[in-house]
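Observations on chain architecture
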Amino acid sequence: SVQEFQVVTSGIMPEFGRSGGGLVNVVTKSGTNNWRGGAHLYARNESLTSEDPFGREQTEFSSYQFGGNIGGPIQRNETFLFASADLQDFAIPYFVDYDLDEADFARLQAYVQQFRPDWAIRQTRYERTNDTVVLFGKLDQSLGQDSQLSIRANYSDHETIGGGTDTNLQGTTTASNSSLGDQTEKTLSVVAQVTSVLGERAFNEFRVQYAYDDLDRLSNDLQGPDTDIRGPFIQLGRRFFMPIFVDEKKWQVQNNFSYLFDDHDIKIGFDIESDQTSEFFAGFAAGEYRFNSLDRFLENRPSFLLQSFGTTGNGFEPNFDARQTVAAAYVQDSWRVNNQLTVNYGLRWEGTFNPTPPGNPARPVTQQIPDDTDNFQPRLGFAYAPDDDTVFRASAGLFYSRTPTLLFFNPFTSVGIDGVGIFFIPGFGGELDGIWPNVLPGLPPGITAEQ
């Protein structure tokens, strides 16, 4: 679906913002007056794969990517269609290895089975799959001699089974299968754009976008607790950050207007984006135990326990639901001083309007997140070509990145009302001895949470 991509290596003009890094512009394909299409296939399986660095055969390995595209006219010179599909069918083995000999592993397995017989903790080969479907469609419609409507949609459905709590999992891990899991993610983006030629010197682009992202991450074990054994490191049970359910929605409206003078290309525009994020995250709700050694674990002598209480209400309802709105406006000019020198300059403004957390009434400062509305960003650059073989480029400017929505999670959930987290660090009296694998139903007697 990609026709070309452009990497901006010189100064980034004020038209672009919300990022402190580089700029890559991607142009998608469109249908033409002639029907044409293509197909692709990439195939690799275990017979084309060597042993890993530890001499283990990569059985159960396969990687297939396949798809195709087609484009053409619905009505010649007026309406065009383009569509593509890209699919991946991927499987790779991974190995659970705690670096324990047979005797120590037998002791570990016998002890765990007394309390959590359903935990899969074997040191063996497992399979992780990573399957994806990506669909793209684009409709171009002429609106007369000087205007065109373009509507494009991109959908993806991604599923990782086995090791989904670590999407980069491969090779060897010390995390048991009980502490790994599955991950699914679905995304959709729909963009409608009208481009218009306004006379001999003016040009306008108007764009609207809607997008969503639905992400679910589940641990194979939902009972818990998260159990870390140090020396050697062994990970058992439900991970402390599982499960996670995230639902994001985005609306965006953008307009760019250009006017061409003899030696100047003036461009002005605005961009408004609204992002709604709903998330369920119950960190440490099932508790996390740590043991300093395998022997201390087999003696049920934890060195540490962390558990949170009252993170959410009943069921998997979102405990974080917030909207952030970002607005921007800019003006810029590209001035062709002569055939050798071009000067680019302009100014961009961005404002971020942050959500209002419920906060703690006893501490009013927790009930506000300040808006960020003073991000003025001047930009200046030039390109000078003294001859046909040489170009000098230089640029400078201010750039502001938006505040990641994830940083708003704590002001919504950790203000002394929605959740209480308790660290249990025992002294020499063995206060925590013998309580693993219990998940505490509430605050222990004698412990209160101040708001």
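Owing to the predicted nature of the structure, the values given are computational and were not obtained by experimental measurement.

A look at helix α1 (residues 102-115)
Under the 1.5 Å per step criterion, the end-to-end length of α1 is 21 Å for 14 residues, consistent within 8% with the ideal 20 Å. Within α1 the residues assigned to the buried category are Phe105, Leu108, Tyr111 and Val112. Buried positions in α1, seen along its axis, are confined to an arc of 135° and lie on one side of it. Across α1 from its buried face, at more than 90 degrees, point the exposed residues Glu102 and Gln114. Taken together, the buried residues of α1 touch β11 (226-229), β12 (234-236) and α2 (294-298).

A closer look at the packing of aromatic side chains
Evaluated as defined, the whole model comprises 17 aromatic pairs. When the centroid spacing of 5.5 Å and the interplanar angle of 70° are considered together, the rings of Phe115 and Trp436 count as edge-to-face. Here Phe115 is found in helix α1, whereas its partner Trp436 is found in the segment after β21 (420-424), with 321 residues between them in sequence. Take Phe115: its relative accessible area is 31%, and that puts it in the partly exposed class. You can call Trp436 buried: its relative accessible area is 1%. Measuring from centroid to centroid gives 5.1 Å for Phe240 and Phe241, while their planes differ by 90°, and the two rings are edge-to-face. When its relative accessible area of 29% is taken as the criterion, Phe240 is described as partly exposed. Here the aromatic cluster, defined as three or more aromatic residues joined through ring pairs, consists of Tyr111, Phe115, Trp119, Tyr289, Phe291, Phe297 and Trp436. When the ring centre of Phe304 is taken as origin, the NZ or CZ atom of Arg290, which lies over that ring, is 4.5 Å away.

Things to note about a negative patch on the surface
Taken together, Glu46, Glu51, Glu57, Glu60 and Glu127 make up a surface patch of like negative charges. Mapped onto the elements, Glu46 comes out in the loop between β3 (36-45) and β4 (62-75). Classification of Glu46 by relative accessible area gives partly exposed; the value is 39%.

The rules we used
- Residues numbered from 1 in each chain as written.
- Predicted model: local features only at pLDDT ≥ 70, side-chain atom pairs only at ≥ 80, totals over all residues.
- Heavy atoms only, no water.
- Helix = DSSP H or I, 4+ residues; strand = E, 2+ residues; numbered from the N terminus.
- Expected span 1.5 Å × (residues − 1).
- Buried < 20%, exposed > 50% of the residue type's maximum accessible area, 1.4 Å probe, protein only.
- Arc of directions from axis to C-beta.
- Contact = heavy atoms within 4.5 Å.
- Phe/Tyr/Trp six-rings, centres within 6.5 Å; stacked < 30°, edge-to-face > 60°.
- Lys NZ or Arg CZ within 6 Å of the ring centre and 35° of its normal.
- Patch = residues over 30% accessible without salt bridge, like charges linked within 9 Å, V, L, I, M, F, W, Y side chains within 5 Å.
- Areas by Shrake-Rupley, 256 points an atom, 1.4 Å probe, with all protein chains shown as cover.
- Salt bridge = Lys/Arg side-chain N within 4 Å of Asp/Glu carboxyl O.
- Lys, Arg positive; Asp, Glu negative; His and termini not counted.
- Charge placed at Lys NZ, Arg CZ, Asp CG, Glu CD.

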